[in-house]
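# Secondary and tertiary structure notes
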Amino acid sequence: MSSKYVNEVLADVRAKNADQSEFLQAVEEVLMTLDPVLKANPQYEEAAILERLVVPERILIFRVPWIDDKGKVRVNKGYRVQFNSAIGPYKGGLRFDPTVNLSILKFLGFEQVFKNSLTTLPMGGAKGGANFNPKQSPHTPGKRCSDSEVMRFCQSFMTELFHHIGPNTDVPAGDMNVGGREIGYLFGQYKRIANEWTGVLTGKGLAFGGSLIRPEATGYGDVYFAENMLATRKDTLEGKVCAISGSGNVASFAAQKLVRLGAKVVTLSDRSGTLYVKDGYTEKLIEAVMNLKTVKRGELSELAKAGKFFKGANPWQIADKLDCAFPCSRQNELDGKDAAYLVKHGVILVGEGANMPSTPDAIETFLKAKVLFSPGKASNAGGVATSGLEMSQNSERMTWSSEQVDAKLKGIMKAIHDNAYEAAAKYGKKGNYVVGANIAGFVKVADAMVAQGIV
Ligand code: NDP
Ligand code: 2IT
């Protein structure tokens, strides 16, 4: 049972956002863990911190017109949700996917506020994107958009977004379907309009201000976080059998790091299904997946011969015996039934690489079974943290070596782990990283908001 204050704020958020299920899920998940810290700090309620935290500072919605390869005018909806700037400039990714709507972007922006606070770096929270599908051309069924269609879309998107971002205002980056190609096009258009070279986006190419290890950072960080959780039980990843979902940026680099640390990765997946490799993915096969996804832009089913392909299936109920699961695809991709199967088949660790991939009942199942469970806002924070390192390098007009960035990433993931672990223990929830991450992320933002007055 939550306190009167939390219940009142939640009732109000539910009433005002009744059609935004993902946003409500994210808000409930955070607010329902904050009672102990709210009780110990009455100044938060006095300053109406929760009431202010659940409302974005600004939401931009705009038209994105562009011309496809057949000469037809197409129109998409573009968004930027600038959620909270208490501790630094707005920061967060852009998602291009037909499922993009305000509920999804508000949930992602809300999560980003706490995640960015956890990174130890000064970054506020934001998210944006468009209901644009680069994987389906608007004129030819079964064909993806051409590079020049994606470029024209990105240029139009940036022509409007330009007015609302800047290196000290809001610094977007990638997310689902927004990778190096899209960031390049977006950056080129920003620079052209601004007539100025600034680090206004992160995830840039190495030749124009990108940081080494940024592509790897989210997946690697997820695995470093898992190492830290296992260390609390004097255990390691060596020999662990791991299921991963997704085969994009986060999933593929999580797989690469796990294999390098001696773990066995048995699944990757995408919209076409799951590729199960009983003896474990080799580094070579993971490279083939990366090439398939970022160069050929094809489907995982094309590599079916490398193992056993389960068409249309997610990876959670395939293997008979698993030690770890890393959901790295999308929100609500792992439900209560999947969680029960995983616990029954031996899983001791779940490290969320995606944002909010486990449903609330799945999380409850994991916590009840004392699984080492890390919420995405803690364990996928390595991506945005390394974006923060890219911003630092751009500001000082320097580039750091892979070793330097990787060492900083490792240090940040350990700090996030330890802060979440200690916050949970302090409030009587030892080992509960959901409570720990929410409280540790919240306190810094709340203190900054109190100090800055009613704004
Ligand atoms: P990508 O677009 O590179 O990869 C997404 C993967 O998820 C693809 O394999 C995609 O399959 C799969 N997927 C997406 N939707 C579905 C669906 N409906 N059914 C089945 N599979 C699906 O994105 P990222 O790897 O960047 O992002 C993955 C997750 O990680 C997201 O939740 C994102 O918010 C989160 N994240 C990303 C960060 C980053 O730095 N990139 C940082 C922190 C979190 P297909 O190829 O067929 O589309
Ligand atoms: O969800 C996320 O943290 C991201 N997509 C990365 C954001 C960023 O600014 O690097």
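Each chain carries its own residue numbering, running from 1 in the written order of its sequence. As a convention, the first chain written is A and the first ligand written is 1, with the rest following in written order. Under the rules for a predicted model, residues below a pLDDT of 70 receive no local features and side-chain atom pairs below 80 are neither given nor counted, while totals for whole chains, interfaces and linings still include all residues. Calculated side-chain values reflect all of the structure's heavy atoms, with hydrogen atoms and water omitted.

### Section: the site of ligand 2
- Consider each residue's heavy atoms; a residue with any of them within 4 Å of a molecule or strand counts as near. Surveying the vicinity of ligand 2 reveals 14 residues, the closest of which are Lys 91, Lys 115, Lys 127, Arg 214 and Ser 387.
- One of the side-chain N or O atoms of Arg 214 is found 3.0 Å from an oxygen atom in ligand 2.
- Polar contacts, as used here, are pairs of N or O atoms within 3.5 Å; protein pairs need one atom able to donate a hydrogen and one able to accept it. Residues neighboring in sequence count only if both atoms are side-chain atoms. A distance of 2.6 Å separates an oxygen atom of ligand 2 from a polar side-chain atom of Ser 387.
- When ligand 2 sits alone it has 300 Å² of accessible area, and the protein chains cover 93% of it.
- In this description a helix means any DSSP run of H or I spanning at least four residues, a strand means any run of E spanning at least two, and both kinds are numbered starting from the N terminus. Put simply, the parts of the chain that give the shell around ligand 2 at least two residues each are strand E3 (90-96), helix H6 (102-118) and helix H15 (381-395).
- Among the residues forming the shell around ligand 2, the class breakdown is two nonpolar, seven polar and five charged. Reported accessibility uses the Shrake-Rupley method at a 1.4 Å probe radius. Residues are deemed covered only where the shown protein chains occlude them. For this classification, the nonpolar set comprises Ala, Val, Leu, Ile, Met, Phe, Trp, Tyr, Cys and Pro, the charged set comprises Asp, Glu, Lys and Arg, and every other residue, Gly included, is treated as polar.

### Digging into H15
- In this model H15 runs 21 Å from its N-terminal to its C-terminal C-alpha over 15 residues, within 8% of the 21 Å that 1.5 Å per residue would give.
- Here H15 lies mainly inside the structure; 13 of its 15 residues are buried.
- One or two steps after H15, the chain reaches Arg 397, where phi turns positive at roughly 50 degrees. A helix is expected to span 1.5 Å for every residue after the first. The buried label goes to any residue with under 20% of its type's maximum accessible area, the exposed label to any with over 50%, and the partly exposed label to all in between, with areas taken from a 1.4 Å probe on protein chains only.

### Points about the site of ligand 1
- Residues in contact with ligand 1 amount to 24 residues; listed here are only the nearest, Lys 135, Asp 175, Thr 218, Arg 271 and Asn 355.
- Thr 218 is positioned with one of its side-chain polar atoms (N or O) 2.8 Å from an oxygen atom of ligand 1.
- Here an oxygen atom of ligand 1 sits 2.9 Å away from a polar atom, N or O, in the main chain of Ser 247.
- In the complex, the protein chains occlude 87% of the 900 Å² of accessible area that ligand 1 would expose alone.
- For the shell around ligand 1, the secondary structure elements donating two or more residues are helix H9 (214-231), helix H10 (249-260) and strand E7 (264-270).
- Here the residues of the shell around ligand 1 are counted per class, giving four nonpolar, eleven polar and nine charged.

### Structural notes on the layout of surface pockets
- By volume, the second largest pocket is sized at about 680 Å³.
- As for the second largest pocket, its lining consists of 23 residues, and the residues nearest its centre are Glu 29, Met 32, Thr 33, Leu 367 and Val 434.
- Looking at the lining of the second largest pocket, the elements that each hand over two or more residues are helix H1 (4-16), helix H2 (21-31), helix H3 (35-40), helix H13 (360-368) and helix H17 (433-451).
- Here the element with the most residues in the lining of the second largest pocket is H13; it accounts for five residues.
- Considering only residue class, the lining of the second largest pocket consists of ten nonpolar, six polar and seven charged. With a 1 Å grid spanning the protein atoms alone, the term cavity applies to any set of points in which a 1.4 Å probe fits but cannot get out, the term pocket to an open set with protein on both sides within 12 Å along at least five of seven lines, and the term lining residue to any residue with an atom within 4 Å of a point. Grid points are joined across faces, edges and corners, and a volume is the space filled by probe spheres set on the points.

### Re the pairing of E7
- Of all seven residues in E7, six are buried, a share of seventy percent or more.
- Here, a strand pair is defined by DSSP locating no fewer than two bridges between the strands. Sheet analysis places strand E6 (residues 241-245) next to E7, joined by three bridges and oriented parallel. Bridged to Ala 243 within E7 is Thr 267.
- Think of it like this: strands point away, you trace from the first strand over the helix to the second, and a clockwise trace means the crossover is right-handed. Once the chain exits E6 it traverses H10 before rejoining the sheet at E7, and the crossover so formed is right-handed.
- For E7 and strand E8 (residues 273-276), the ladder comprises four bridges, and the chain directions are antiparallel. Bridge pairing links Thr 267 to Tyr 276 in E8.
- The turn linking E7 back onto E8 is made up of two residues.

### Let's talk about the environment of Gly 431
- Note that Gly 431 resides in the loop between helix H16 (402-426) and H17.
- Between the C-alpha atoms of Gly 431 and Ala 226, which are 205 residues apart in sequence, the distance is 13 Å.

### Quick notes on the nonpolar core
- Membership of the largest hydrophobic core comes to 53 residues, with the highest contact counts inside it found for Ile 244, Leu 258, Leu 268, Tyr 281, Phe 326, Leu 349 and Ile 416.
- Leaving out residues up to four positions away in the same chain, Ile 244 has contacts with Ala 251, Ala 254, Ala 255, Leu 258, Val 265, Thr 267, Leu 268, Ser 269, Pro 315, Trp 316, Phe 326 and Cys 328.
- Of all hydrophobic cores here, the second largest spans 42 residues; its members include Ala 47, Ala 86, Phe 110 and Val 435. The nonpolar core is taken to be a set of buried Ala, Val, Leu, Ile, Met, Phe, Trp, Tyr and Cys residues, with the residues joined through side-chain atoms within 4.5 Å. By definition, residues are in contact when any of their heavy atoms lie within 4.5 Å.

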